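Structural characterization, general
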Amino acid sequence: MVVVEAEAKLEAVDLEAFYGAERVLKRLRIPLVQGAVTAVIGPSGSGKTTLLRCLSRMHELTSGARVQGAVLLDGMNIYDPAVDASAVRRRVATIAAKPNPFPSMSVRENVLSGLTLSGIRAQDAESIVESCLHEVGLWDQIKDRLRIPATALSTVEQQQLCIARSLALRPEVILLDEPCSVLDPMATARIEDLMHDLRERYTLGIATHSMQQAARVSDHVAFVLSGELIEYSDTDRLFTRPSDVRTEDYLTGRFG
Amino acid sequence: MGARVEEMIADSMRALVERDSELARRVVDSDQFVNRLELEVDDACMRILARRQPVASDLRFITLALKIVTDLERIGDLAANIGERVLELNEEPPLKPYLDMPRMADTARGMVRNALDAFVSRDVACAQMVIERDGELDAHYADVFRVLLTYMMEDPRNIYRATRVQSIAKYLERVGDHATNLAEMVIFMIGGKDVRHLTSSGAVVSAVRDE
């Protein structure tokens, strides 16, 4: 199958990450293609989460953590000293594994919280709330309950709300770190459908230890093992004819 | 793919009756196209298996599709073989038993179409009918074979043409066998009931399947 090489929206180039003296990512080169879902797979501890954190300048928030190499966002290195980290974090949104809406806020306040906390006063708050909840498929079921506490929602609705919250800041890239790890299969399918819809307008990255999930949702897959990129390929190819024997072993469960 | 192989059978018969060698050659060439379709369907099924992890009726549908294309591709091969024999026959004066071929072809083609219709509309009764018609086709082949033997005994100059006609009849009979395979698979897909390799009492021939 011929893969059309699309432009990388966000690309790690010789990216290395450290915790103190320990090097946890080793010269990774991974592109996230515009309008596509890129999955990062690998066993626990292989550096998937660290990678996502490096892509949105979150890694450096841990004390003793540092990054080497570059991450290009539309060709601009986000680690350039002249670049404002919080501006990067607005353009590259991150969704956590466990839904983390602000518990003291209502549904509506949660959607707007990114703007409020950034000191932006939204002129059209109501339409932002509506369009963001619409985009995550939550509007119809929740439009009459916008004032209830976010924690009153079901787990999957909370996760959808968290995605809506990040959409309010109009990000260009959305990184999801194990977004379904606390969800049941039905709820997982809902989030996967949502990712399918979102990829038309955003560049998506997902870290997952479920290779079945990567197979279902992604267009490209990066297999990372002990901080090293073993294989980057289009999803069809990786799951039918992986080129590295370690990928083959991991996918077929013959690992170790 | 199914429509194309049906068309190949029909065209090969028209080429025989109307002595149209150009059409026969086109049938032979169509086989390439059918082969390519087989590869495409195989590839699509493999991707679906790898990426969607289908189960239950979805799983039966996909594994069935993989097998159906093998039979369809073989039917395409047989139609191309008929085309080749027609090309040879068109070089010779006609022989009377040609007349039986279109009728046999209609039966065989009808079986293919009904098997595929049964697949699409999930119709067990329709698939069952295909299986029953296979006997009809086998009997027809036996008749044609006897007539051809007579021709060959009457006049050795008939042998070249009679053996070619016999091959065509055999190919059509094999098309019927493949259509029967398709019908059996369709029944499996719909109800999950395996009707292959049954004895007359309905028991599975080999005990291996029960384990």
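Thresholds applied
- Residues numbered from 1 in each chain as written.
- Chains lettered and ligands numbered in written order.
- Predicted model: local features only at pLDDT ≥ 70, side-chain atom pairs only at ≥ 80, totals over all residues.
- Heavy atoms only, no water.
- Helix = DSSP H or I, 4+ residues; strand = E, 2+ residues; numbered from the N terminus.
- Buried < 20%, exposed > 50% of the residue type's maximum accessible area, 1.4 Å probe, protein only.
- Contact = heavy atoms within 4.5 Å.
- Areas by Shrake-Rupley, 256 points an atom, 1.4 Å probe, with all protein chains shown as cover.
- Lys, Arg positive; Asp, Glu negative; His and termini not counted.
- Charge placed at Lys NZ, Arg CZ, Asp CG, Glu CD.
- Phe/Tyr/Trp six-rings, centres within 6.5 Å; stacked < 30°, edge-to-face > 60°.
- Axes fitted to C-alpha atoms, helices over the stretch in contact; angles between N-to-C directions.
- Parallel < 35°, antiparallel > 145°, perpendicular 65-115°, else oblique.
- Nonpolar A, V, L, I, M, F, W, Y, C, P; charged D, E, K, R; others polar.
- Left-handed = near helix turned anticlockwise from the far one by under 90°.

Another point: the overall build of chain B. Across its full length, chain B holds six helices and zero strands. For chain B, the sequential pattern of α-helices and β-strands runs α-α-α-α-α-α. Dimensions of chain B, computed from the C-alpha atoms along their principal axes, are close to 60 × 40 × 25 Å. With 211 residues in all, chain B has 45% of them scored as buried. Contacts spanning at least 24 positions in sequence make up 81% of the contacts within chain B whose residues lie at least 6 apart. Surface summary for chain B: the accessible area is close to 10,700 Å², and the carbon and sulfur share equals 54%. Averaging the positions of the 28 positive and the 37 negative side-chain charges in chain B gives two centres separated by 1 Å.

Under the criterion given, the structure shown has three aromatic pairs over all chains. When the ring of phenylalanine 223 of chain A is compared with that of tyrosine 250 of chain A, the centres are 4.9 Å apart and the planes differ by 15°; the resulting orientation is stacked. Linking phenylalanine 223 of chain A in strand 9 (residues 220-225) with tyrosine 250 of chain A in helix 10 (residues 245-251), this pair joins segments that are 27 residues apart in sequence. We classify tyrosine 250 of chain A as buried; its relative accessible area is 10%. Between tyrosine 141 of chain B and phenylalanine 145 of chain B the ring centres are 6.1 Å apart and the planes differ by 35°, which places this aromatic pair in the tilted class. A residue pair is termed a helical-turn pair when its members lie 3 or 4 positions apart in one helix, as tyrosine 141 of chain B and phenylalanine 145 of chain B do in helix 5 (residues 124-154) at four residues.

All names here are of chain B. The geometry of helix 3 (residues 56-89) relative to helix 6 (residues 159-191) is characterised by a closest axis approach of 9 Å and an angle of 170° between their N-to-C directions. By the angle class used here, helix 3 and helix 6 are roughly antiparallel. Of the residues belonging to the contact of helix 3 with helix 6, the class tally is 22 nonpolar, five polar and nine charged.

This paragraph deals with the packing of helix 6 (residues 155-167) of chain A against helix 7 (residues 185-198) of chain A. Residue and element names in this part refer to chain A. In the contact formed by helix 6 and helix 7, the axes pass within 9 Å of each other and the chain directions differ by 20°. When the axes of helix 6 and helix 7 are compared, the pair comes out roughly parallel. Viewed along their axes, helix 6 and helix 7 form a crossing whose handedness is right-handed. Taken together, the residues of helix 7 that come into contact with helix 6 (itself represented by Val156, Glu157, Gln159, Gln160, Ile163 and Leu167) are Ala187, Arg190, Ile191, Leu194 and Leu198. Counted by class, the contact of helix 6 with helix 7 contains seven nonpolar, two polar and two charged residues.

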